[in-house]
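Reading the structure
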Amino acid sequence: MAGSIIVRAGFTSGNTSCAFENGQLTRALTRGNGTTGEDVTLNVKTIKSLPHNLSGKKIPELIEVRGEVFFPIAQFNEMNEALEEAGKPLFANPRNGAAGSLRQKDPRVTASRPLDVVVHGVGARTGIDFSAQSQAYELLKGLGLPTSARFKVCSNRAEVTDFIGYYEAHRHDVEHEIDGVVIKVDEIASQEKLGFTSRAPKWAIAFKYPPEEVTTKLLDIKVSVGRTGRVTPFAFMEPVKVAGSTVTNATLHNAQGSELRAITEGDVDIRCPNTRTCPAQLRERIYYIASRAALDIDVLGYEAATALLSEKILEDEAELFDLTPAKLVKSSFFTKKDGEPAANVEKLMKALEVAKTRPLWRTIVALSIRHVGPTSAQALATEFGSLEKLATASVEEIAEIDGVGATMAEAISEWFTVDWHKRIVERWTAAGVTVHFVDTNTAPQTLAGLTFVVTGGLESFTRDGIAETITAHGGKASSSVSKKTNYLLVGAEPGSKLAKAEELGVSIIDEAAFKKLLAGS
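These figures come from a predicted structure and were not determined experimentally.

Looking only at helices and strands, one finds 20 helices and 16 strands in the protein. Its C-alpha atoms give the protein a radius of gyration of 25 Å, within 12% of the compact-globule value 24 Å for 521 residues. With the C-alpha coordinates aligned to their principal axes, the bounding extent of the protein is approximately 70 × 60 × 50 Å. Here the protein holds 521 residues, and the buried ones make up 44% of them. Contacts in the protein between residues far apart in sequence, at least 24 positions, make up 64% of those at least 6 positions apart.

Below you can see the structure in the form of structure tokens.
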């Protein structure tokens, strides 16, 4: 093995990026949608192990450090014990708990939780440089930043293997959860020289430990009903501890071939046909409308959706934007003990007004049309320009859209023929929800005329984030490879799309090449 290899124990946690300007912590962001992070500066400043000001002899003008926020397992268990004694809901596991705590709207809530942080990467920087990854760790430590001691510079394969084996055997003996080992070429110059394959960097790889398996007793098989009527069976079991979490439920996937049968031919799911008034479907649809994938409505979470429906404040989603403070205070969820309106009334009303201004593609996602997700919704919004034109388009016209196809086109066309679906569109339109495409994009159109398909996981973008980035810069984001595809963007662990692209002769690029196209190179 030529050169040095650096290996580091991996985390299961929430990631963050912190900017220090002239030694002072000025901004902290989550990864967000891949292009825009969520500002968590005030929350990060409550983490005791992270300094607000750097120390050391030479303070850089600017340094962006990347790291992991995590719950130390001992403190996590203590916190859950205290919650249990108080009769409050427990955190599912340290990973989810850390990510949720990092994104709290009230920094005081974050401060009440025993979070810790470790930094292990460097982004933008001015006034500081290094020639190796291991040197970067030493520089970060010298600036007073919390770094992990669980790394090693190896000179041969045997040392790497020993490091992996050691932490697999001791993954539960350290203060935080470990999901594997990150392996990188240590020298920065060698990293740049090695470059990328079509799938991943040639200088880095993540070795993941196998998931833990335990045995417990099956007590019952139950079902849950989703927003599109899909019925998902799940196992109800005696509580058992797996990877630090107590598990009582497990989804049972794919009933095809057993006695259960799908409602439509070729569908592996069984479904509830009562699409309009099924309480479970209604609750899931309202909750999904408020999610970040759709209209991103603050306050309208699972409990709020349940309260609005169970207390008959809403009949269905058509009435969502007709809510008023007078209607909301009829619900105990939006009322104080003294009968006065709770603070969440005003918050929800403001959030609903903001939701009306979301772009057309988000409105399309919020309609809960089967098979339609953010990527296809963006393509539909761009091509048809309004819900009215989409509703009157033929199946053939819809299927012509790159990345849509016959199955999705039929689902879209059928959705707009249902009377109570038409009522949703009419009521939302009357309330002022965006039903027309408005181009407010000011990003340089460096990808104009190009169609991209993405496969595998990317380091700098989420799936929704990469689709938004492509369309914002004038390109098209498609979900399937065809002769119309200009580029297949390949990340880690790509799927069958890679073979299809190779078969059709589609250009295959990695994340670094995509960023060059994005920059206009």
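Moving on: the pairing of strand β13 (residues 451–455). In terms of residue burial, β13 counts as a mostly covered element, since five of its five residues are buried. Burial along β13 is two-sided: T451, V453 and T455 facing one way and F452 and V454 facing the other are all buried. As judged from the three bridges shared by β13 and strand β14 (residues 476–478), these two strands associate in the parallel manner. Note that in β14 the partner of T451 across the bridge is K476. Bridge count for β13 against strand β15 (residues 487–490) is four bridges, and the pairing is parallel. For F452, the partnering residue across the bridge sits in β15 and is Y487.

Looking now at the packing of helix α8 (residues 279–289) against helix α9 (residues 302–310). For the pair α8 and α9, the least separation of the axes is 9 Å and the interaxial angle reads 130 degrees. Relative to α9, the element α8 is oriented oblique. You can see that α8 and α9 cross each other, and the crossing is right-handed. Taken together, the residues of α9 that come into contact with α8 (itself represented by L282, R283, E284, I286 and Y287) are Y302, A305, T306 and L309. Of the residues assigned to the contact of α8 with α9, the class counts are six nonpolar, one polar and two charged.

Bringing a negative patch on the surface into the picture now. Taken together, E78, E81, E84 and E85 make up a surface patch of like negative charges. Summarising the element assignment, E85 is placed in helix α2 (residues 73–85). On the basis of relative accessible area, E85 is assigned to the exposed category, the value being 73%.

Applying the stated criterion across every chain, the model contains 12 aromatic pairs. Geometrically, the ring pair formed by Y137 and F151 is edge-to-face, given 4.8 Å between the ring centres and 75 degrees between the ring planes. Remark: F151 occurs in strand β6 (residues 151–154) and Y137 occurs in helix α5 (residues 133–142); sequence separation between them is 14 residues. With 4.9 Å between their ring centres and 50 degrees between their planes, F163 and Y167 make a pair best called tilted. Of the two residues, F163 and Y167 both sit in helix α6 (residues 157–169), four residues apart, roughly one turn of that helix. Accessibility classification places F163 together with Y167 in one group, the buried group.

Reading across the sheet, the four strands line up as β6-β1-β7-β8 and stay open at both edges, with antiparallel pairing between neighbours. Every interior strand has two partners, whereas the edge strands, β6 and β8 (204–208), have only one. Strand-to-strand, the axes of this sheet are offset by a mean angle of 20 degrees, without reference to chain direction. When strand β7 (residues 180–185) meets β8, the two strands line up antiparallel, connected through five bridges. Residue pairing for β8: G180 is matched across the bridge by K208.

This next bit is on the confidence of the model for the protein. On average, residues of the protein score 85 in pLDDT, and 92% of them reach the 70 mark or higher. Per-element confidence in the protein ranges from a low mean pLDDT of 72 for strand β12 (residues 270–271) to a high of 95 for helix α17 (residues 419–431).

Every buried residue of helix α20 (residues 511–518) is listed here: E511, F514, L517 and L518. Take α20 and look down its axis: the buried residues cluster within an arc of 115 degrees, on one side only. The N-terminus of α20 is capped by D510, whose side-chain oxygen sits 3.2 Å from the backbone nitrogen of A512. G520, located one to two residues past α20, shows a positive phi value of around 95 degrees.

All right, on to the environment of S112 then. By secondary structure assignment, the location of S112 is in the loop between α4 (107–111) and β5 (116–126). For S112, a relative accessible area of 55% gives the class exposed. When the C-alpha atoms of S112 and P444 are compared, they prove to be 43 Å apart, with 332 residues separating the residues in sequence.

Attention shifts here to the sheet that holds β13. Strand order in the open sheet made by the four strands is β14-β13-β15-β16, with parallel pairing throughout. Two strands lie at the open edges of the sheet, namely β14 and β16 (507–509), each paired on one side alone. The sheet shows a mean angle of 30 degrees between the axes of neighbouring strands, taken without regard to direction. Of the strands in this sheet, β13, β15 and β16 touch helix α19 (residues 497–504), which is tilted by about 150 degrees from β15.

This part takes up the pattern of salt bridges. Taken as a whole and assessed by the stated rule, the structure comprises 15 salt bridges. Across the salt bridge formed by R276 and D316, the nearest N and O atoms sit 3.6 Å from each other. Of this pair, R276 sits in the loop between β12 and α8 while D316 sits in the loop between α9 and α10 (325–328), and the two are 40 residues apart along the sequence. Accessibility expressed as a relative area gives 1% for D316, which makes it buried. Across the pair E317 and R285 runs a salt bridge, and its minimum N-O distance is 2.7 Å. With a gap of 32 residues between them, E317 in the loop between α9 and α10 and R285 in helix α8 connect regions that are remote in the sequence.

Non-glycine residue N22 carries a positive phi angle of around 50 degrees. Examined against the element boundaries, N22 turns out to sit in the loop between β2 (14–21) and β3 (24–29). One non-glycine residue, D296, lies in the positive phi region at around 50 degrees. Mapped onto the fold, D296 is located in the loop between α8 and α9. Classification of D296 by relative accessible area gives partly exposed; the value is 32%.

Definitions and limits used
- Residues numbered from 1 in each chain as written.
- Predicted model: local features only at pLDDT ≥ 70, side-chain atom pairs only at ≥ 80, totals over all residues.
- Heavy atoms only, no water.
- Helix = DSSP H or I, 4+ residues; strand = E, 2+ residues; numbered from the N terminus.
- Rg over C-alpha atoms; globule rule 2.2 N^0.38 Å.
- Buried < 20%, exposed > 50% of the residue type's maximum accessible area, 1.4 Å probe, protein only.
- Contact = heavy atoms within 4.5 Å.
- Pairing = 2+ DSSP bridges.
- Axes fitted to C-alpha atoms, helices over the stretch in contact; angles between N-to-C directions.
- Parallel < 35°, antiparallel > 145°, perpendicular 65-115°, else oblique.
- Left-handed = near helix turned anticlockwise from the far one by under 90°.
- Nonpolar A, V, L, I, M, F, W, Y, C, P; charged D, E, K, R; others polar.
- Patch = residues over 30% accessible without salt bridge, like charges linked within 9 Å, V, L, I, M, F, W, Y side chains within 5 Å.
- Areas by Shrake-Rupley, 256 points an atom, 1.4 Å probe, with all protein chains shown as cover.
- Salt bridge = Lys/Arg side-chain N within 4 Å of Asp/Glu carboxyl O.
- Lys, Arg positive; Asp, Glu negative; His and termini not counted.
- Charge placed at Lys NZ, Arg CZ, Asp CG, Glu CD.
- Phe/Tyr/Trp six-rings, centres within 6.5 Å; stacked < 30°, edge-to-face > 60°.
- pLDDT = per-residue confidence, 0-100.
- Arc of directions from axis to C-beta.
- Polar contact = N/O pair within 3.5 Å; in protein donor to acceptor, adjacent residues only side chain to side chain.

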